Amino acid sequence: MGTEHSKNEERRSMVFLRKGPKLPAWEDALLAGREPKSLLKRGLRYVSLSLIMKGMTSTPDFLWGLHEVQKLNLSRNQLVVIPPSLGKLDRLVVLNLGGNCLKCLPKEIGLLRNLKVLFVNMNCLKEVPAELSLCKKLEVLSLSHNCISQLPLSFSDLTSLRKLNLSNNRFVQIPLCIFALRSLDFLHLGSNKLENIAESIQYLVNLQIFIVENNNIRSLPRSLCYISTLELLNADYNAIQTLPDELYLLRRLRRIAWNPMDKGLHIAHNPLSRPLPEVVEGGLDVLFNYLRDKKERN
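Residues numbered from 1 in each chain as written. Predicted model: local features only at pLDDT ≥ 70, side-chain atom pairs only at ≥ 80, totals over all residues. Heavy atoms only, no water.

**Student:** Sorry if this is basic, but what is going on with the packing of aromatic side chains here?
**Tutor:** We describe a pair of aromatic rings using the distance from one ring centre to the other and the angle between the two ring planes. For the structure on display, the rule yields 0 aromatic pairs. Lying across the ring of Tyr248, Arg292 places its NZ or CZ 4.7 Å from the centre. (Phe/Tyr/Trp six-rings, centres within 6.5 Å; stacked < 30°, edge-to-face > 60°. Lys NZ or Arg CZ within 6 Å of the ring centre and 35° of its normal.)

**Student:** In this structure, what is going on with the pattern of salt bridges? I would like to understand it.
**Tutor:** Oppositely charged side chains are able to pair whenever their charged atoms sit close together. Per the stated rule, a full pass over the model turns up 12 salt bridges. Here Glu68 ties to Arg42 by a salt bridge, and the two come within 2.9 Å at their closest N and O atoms. With Glu68 in the loop between strand 2 (47-50) and strand 3 (71-73) and Arg42 in strand 1 (residues 41-42), this residue pair connects regions lying 26 residues apart in the sequence. When its relative accessible area of 23% is taken as the criterion, Glu68 is described as partly exposed. Given a relative accessible area of 56%, Arg42 falls into the exposed group. (Salt bridge = Lys/Arg side-chain N within 4 Å of Asp/Glu carboxyl O. Helix = DSSP H or I, 4+ residues; strand = E, 2+ residues; numbered from the N terminus. Buried < 20%, exposed > 50% of the residue type's maximum accessible area, 1.4 Å probe, protein only.)

**Student:** Can you walk me through the sheet that holds strand 5 (residues 117-119) in this structure?
**Tutor:** Strands in a sheet are paired, the pairing made by backbone hydrogen bonds, and the direction either parallel or antiparallel. An order of 1-2-3-4-5-6-7-8-9-10-11 is seen for the 11 strands of this open sheet, with the pairing classed as mixed. Where the open sheet ends on each side, the last strands, each with one partner, are strand 1 and strand 11 (264-266). (Pairing = 2+ DSSP bridges.)

**Student:** Whenever I open this one, the nonpolar core confuses me. Can you help?
**Tutor:** Soluble, globular proteins show a tendency: their nonpolar side chains are buried together. Judged by nonpolar contacts, the single largest core of 82 residues is most densely connected at Phe155, Leu164, Phe210 and Leu287. Of all elements in the fold, only strand 2, helix 3 (276-281) and helix 4 (284-297) reach the threshold of two or more residues within this core. The element contributing the most residues to this core is helix 4, with 4 residues. Setting aside anything within four residues of it in sequence, one finds Leu164 in contact with Leu141, Phe155, Ile178, Leu181, Leu184, Phe186, Leu187 and His188. (Core = buried A, V, L, I, M, F, W, Y, C linked by side-chain atoms within 4.5 Å. Contact = heavy atoms within 4.5 Å.)

**Student:** Hey, could you run me through helix 4 in this one?
**Tutor:** Over its 14 residues, helix 4 runs 20 Å from end to end, which matches the ideal 20 Å to within 8%, given 1.5 Å per residue. If you check which residues of helix 4 are buried, you get Leu284, Leu287, Phe288 and Leu291. Projection of helix 4 onto a plane perpendicular to its axis shows the buried side chains occupying an angular sector of 95 degrees, all on one side. What points out from helix 4, more than 90 degrees from its buried face, is the exposed set Asp285, Glu296 and Arg297. Its buried side turned inward, helix 4 meets strand 11 and helix 3. (Expected span 1.5 Å × (residues − 1). Arc of directions from axis to C-beta.)

Next up, the structure:
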């Protein structure tokens, strides 16, 4: 009896000790009486923390004290703002803020000097802070599905950037700062309001995948044909009538592609002038031969 009574007293004491200010439901479930650091997962490469789909409308204060975290996933919540405290997590390498309701990013994001991967897709951004250019190690950036129409000039300082997704925004032209990103091998500008592609595209000498589908582009620039690294060029669903004669120089394009996931030349759903529609139906070799002969005749 004495032993049982002691156990009951111990349980009551533990319950009393746990009492205090009530946490929001999602935070209570996460912490479950544990120290916040216990939420961290230590993998082979990164110390990570995932708070995906927790119904959060604001970030918990304990988050900004977890200085060890290198990979942070706050995606698919209802966050309206990310506080300046984000800058305290200066060991971050990967940050996922996708699928929230963010209208802006704090300028303190520039303090994340180790950041290599940033996802802010599917938010409500209208602009990108100039301070992002201080993240010199950034290699992968997705800003797709926002309301962005321009980028800061300082964006050209992101010289390590290799993959950039700006699809489903409001760009009328490709920002000039992008042409300074010589390390880019992936550029997605689909579903914007582009009407042309500047001749400066030729400066992206390492570009392998270039997607401009679903815009209002009327022609492809001749300079695009000098990017010998191109393996996928998707210009589907535009207003293109003619193709540059030099297109045959893009020797890494292996075929006319119809599946969005396939490499090659995507040129479907354009009002191509005759005889281009019939030539395209014959395949890439037929198209290239036609364009080569046409150039020689001229």
